[in-house]
Number of protein chains: 2
Amino acid sequence: MKISIIGAGMMGSALAFPGRENGNEVCLIGTPLDTDIIKACRSTGRHPKFERNFPSGVKYFQFEEWEEAVSGSDFIICGVSSFGVDWFLNEVLSHSASDLPVLSVTKGLIDLDDGTLISYPEYWANSLAQKSIKRDICAIGGPCTSYELVFHDHTEVAFCGNSMQTLKMMKQALATDYYHVSLTEDVLGLESAVALKNGYALGIALTIGLCERENGEDCGLHYNSQAGAFYQSAREMKKLLRLQNATEDCECMGLGDLYVTVYGGRTRLIGILLGRGLSYDEAVRELNGVTLESLVVAKRVARAIKRRADKGDVDINDFPMLMHIDGLLCGEVDAQLPWDKFTF
Amino acid sequence: MKISIIGAGMMGSALAFPGRENGNEVCLIGTPLDTDIIKACRSTGRHPKFERNFPSGVKYFQFEEWEEAVSGSDFIICGVSSFGVDWFLNEVLSHSASDLPVLSVTKGLIDLDDGTLISYPEYWANSLAQKSIKRDICAIGGPCTSYELVFHDHTEVAFCGNSMQTLKMMKQALATDYYHVSLTEDVLGLESAVALKNGYALGIALTIGLCERENGEDCGLHYNSQAGAFYQSAREMKKLLRLQNATEDCECMGLGDLYVTVYGGRTRLIGILLGRGLSYDEAVRELNGVTLESLVVAKRVARAIKRRADKGDVDINDFPMLMHIDGLLCGEVDAQLPWDKFTF
């Protein structure tokens, strides 16, 4: 098969590995923000963020060549970040055949005015429908750090979409003996599970920083508080996913993803900094001003839940951790968690 | 209030801290196996396994003095390991007032001939009922490492029992600003959640050893596989807890407990050793031949599920991780997880 990956971020680029290892033709196409990355891939055969070369035969393209590069593809992988969602809609989805399947790695949710949370596949499909284009977008979710996938660590993820036939084709192309793929038609459930975990991963990471604040930065890792925060995160995610009509399998994918994200990169780091006592602005400055996608989605979810609570759909008291994260990101509260609110 | 802790293991002993800090009279009473520990506590004011002294005023007793020591107590804390369950039944429960409340830290489940899994509180109550003694036993469950509790880390646990009034009394005695206590009448649910996590914590730890086997012992920690195993553990625990009619809050306590146990002591260590490729016997030898309670309960649960599958109550294919752990502990299979069986 032929697979075209649009967006040379780490997750999309990592999928070039199983794709190419399976013998497929793989094209990695940068967005206009990826010109340096694509140059580096062309000259070194390696993505600047990875510690292994791409499998031989992967082809690299700058965005201006995208339409020729995509031509003849069996499907596209959308590798943009959530900040590129509208760009991808306008530049790629609106200018490619509507029957060309798309598999997206973009994580996040959009909160509508009435507090409903929708997935990016739904957002794209709705936007295209307004132009009388019918197009379904598939997505990937589950615990998968890109660099560990490149390392061939055993990884469990799920592909979601409306057409099981399309999903099976994508699984055929990408699954390997280390990349294990489940399939589900529960798009909103899977996308919600993987988006919701972000705020909660921050909450768990807060306890690490709080422990350092309490006991000194050389106190080592303690786990009671992380686990207590994990317990509460699981409780809140369960309720939120019920609102999203998620299947249990998707909920479990979200829990696995929560686990891997606590140990991941910047969400963990910012949680630790906030836990130590830095303000939100100070913490972001430490991360060189990079706005974290994970925090954007946490804020959107909090906003949606508050709106739903105003309407009487949910009880805000069911979400003390989410509300705490929201208050923290707005600079309103200290990092220390409201532990007594987690008891039943 | 007056609290008597019977059994000077780490978890029971740790509860002396919040108990005494709340101004209660606290007696720590060893079992016949604890004579050296009680001597050490008396002479040093510190439990040999902890890095902090007990709060001043805690009293220590050898078992021969237990009846005088217990006299006047508002409740007893049972701090024996699961190997002491019958000893506690015969020596303490059968020789103390049946209206003297008991709060047990003993973790585990018992599998009956028909594959039903019951809690120790239920086992004790049933055994006493056969002697026409009516006595309800309460228990504690949730993510709580004893040494971190002693360190005053924020900790979330639940007390379970048949009488909310009794539970409230125990919470009043023990809850502090760092020890946060939920209450539930779902005894089987809570006890099942905290017992079931043991085999699964081993499964997750296996992936750490397997990664070392694959990449060398200095490969550092990778998280995709741990998270993939966590995802599958959550799926299986959810189904097992449904069999036990557990509430969702208890399920979440179990997930938090699973999280803390992966990072705990010997279950993690034995999982890593098995993952590296040691046989079960070799791994146990490395741990100085100590039989792990956690493995005993994992085997009992596997045995119960196989029996229920034979009867047609459950589908054995829903529990590939549990069956794998069972096979591994019986020396039948290599540690490598059946990753493809975890997909849906």
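*Asks:* How should I be thinking about the domain arrangement of chain A in this particular structure?
*Replies:* Accessible area lost on assembly of the parts is the figure often given for the size of an interface. All names here are of chain A. One can read the domain layout of chain A as domain 1 (2–185) and domain 2 (192–342). Taken together, the contact between domain 1 and domain 2 spans 26 residues of the former and 23 residues of the latter. When domain 1 packs against domain 2, the two sides together hide about 1,900 Å² of surface, and 59% of this comes from carbon and sulfur. A salt bridge links Arg303 to Asp111; the shortest N-O distance between them is 2.6 Å. Those elements that place two or more of their residues in the side of domain 1 that touches domain 2 are strand E6 (109–111), strand E9 (155–160) and strand E10 (179–184). Within the side of domain 1 that touches domain 2, the residues separate by chemical class into 11 nonpolar, 10 polar and 5 charged.

*Asks:* Honestly, the packing of helix H10 (residues 224–243) of chain B against helix H11 (residues 248–262) of chain B in this entry has me stumped. Any pointers?
*Replies:* When two helices pack together, their arrangement is given by the angle between the helix axes and by the axis-to-axis distance. Residue and element names in this part refer to chain B. Close contact between H10 and H11 brings their axes to 11 Å; oriented N to C, the two are set at 145°. Two packed elements cross with a definite hand, and for H10 against H11 that hand is right-handed. Contacts from Gln226, Phe230, Ser233, Ala234, Met237, Lys238 and Leu241 in H10 reach Glu251, Gly254, Leu255, Leu258, Tyr259 and Val262 in H11. When the residues that make up the contact of H10 with H11 are grouped by side-chain class, the tally is 8 nonpolar, 3 polar and 2 charged.

*Asks:* Could you clarify how one ought to interpret the environment of Gln172 of chain A in this entry?
*Replies:* Residues and elements named next belong to chain A. Looking at where Gln172 falls in the secondary structure, it is placed in helix H8 (residues 164–174). Residue class for Gln172 comes out exposed when judged on its relative accessible area of 61%. Sequence-distant contacts of Gln172, that is, excluding residues within four places in its chain, are made with Met1 and Asn22.

*Asks:* Whenever I open this one, the interface of chain A and chain B confuses me. Can you help?
*Replies:* Listed by partner, the interface residues are 50 residues for chain A and 50 residues for chain B. When chain A packs against chain B, close to 4,600 Å² is buried across both sides, 59% of that on carbon and sulfur atoms. When the area that chain A buries against chain B is broken down by residue, the three leading residues are Asn224, Tyr259 and Phe344 of chain A, summing to 19%. At the boundary of chain A and chain B, one finds 6 salt bridges. Between Lys238 of chain B and Glu251 of chain A there is a salt bridge whose closest N-O contact spans 3.1 Å. Counting the contacts that link chain A with chain B gives 31 residue pairs in polar contact (both at pLDDT 80 or more). The set of elements that each furnish at least two residues to the side of chain A that touches chain B consists of helix H7 (146–150), E9, E10, helix H9 (187–215), helix H10 (224–243) and helix H11 (248–262) of chain A. Ranked by residues supplied to the side of chain A that touches chain B, first place goes to H10 of chain A with 11 residues.

*Asks:* Sorry if this is basic, but what is going on with the nonpolar core here?
*Replies:* Within soluble globular proteins, side chains that are nonpolar tend to cluster in buried spots. Of all hydrophobic cores here, the largest spans 120 residues; its most connected members are Ile270, Leu274 and Val301 of chain A together with Ile270, Leu274 and Val301 of chain B. In this structure Val301 of chain A touches Leu109, Leu117, Leu196, Leu240 and Leu322 of chain A, once residues within four positions along its chain are discounted. Of all hydrophobic cores here, the second largest spans 35 residues; its members include Ile5, Phe54, Cys138 and Met170 of chain A.

Criteria and cut-off values
- Residues numbered from 1 in each chain as written.
- Chains lettered and ligands numbered in written order.
- Predicted model: local features only at pLDDT ≥ 70, side-chain atom pairs only at ≥ 80, totals over all residues.
- Heavy atoms only, no water.
- Domains from an automatic or database assignment.
- Contact = heavy atoms within 4.5 Å.
- Buried area = accessible area lost by both parts, 1.4 Å probe.
- Salt bridge = Lys/Arg side-chain N within 4 Å of Asp/Glu carboxyl O.
- Helix = DSSP H or I, 4+ residues; strand = E, 2+ residues; numbered from the N terminus.
- Nonpolar A, V, L, I, M, F, W, Y, C, P; charged D, E, K, R; others polar.
- Axes fitted to C-alpha atoms, helices over the stretch in contact; angles between N-to-C directions.
- Left-handed = near helix turned anticlockwise from the far one by under 90°.
- Buried < 20%, exposed > 50% of the residue type's maximum accessible area, 1.4 Å probe, protein only.
- Polar contact = N/O pair within 3.5 Å; in protein donor to acceptor, adjacent residues only side chain to side chain.
- Core = buried A, V, L, I, M, F, W, Y, C linked by side-chain atoms within 4.5 Å.

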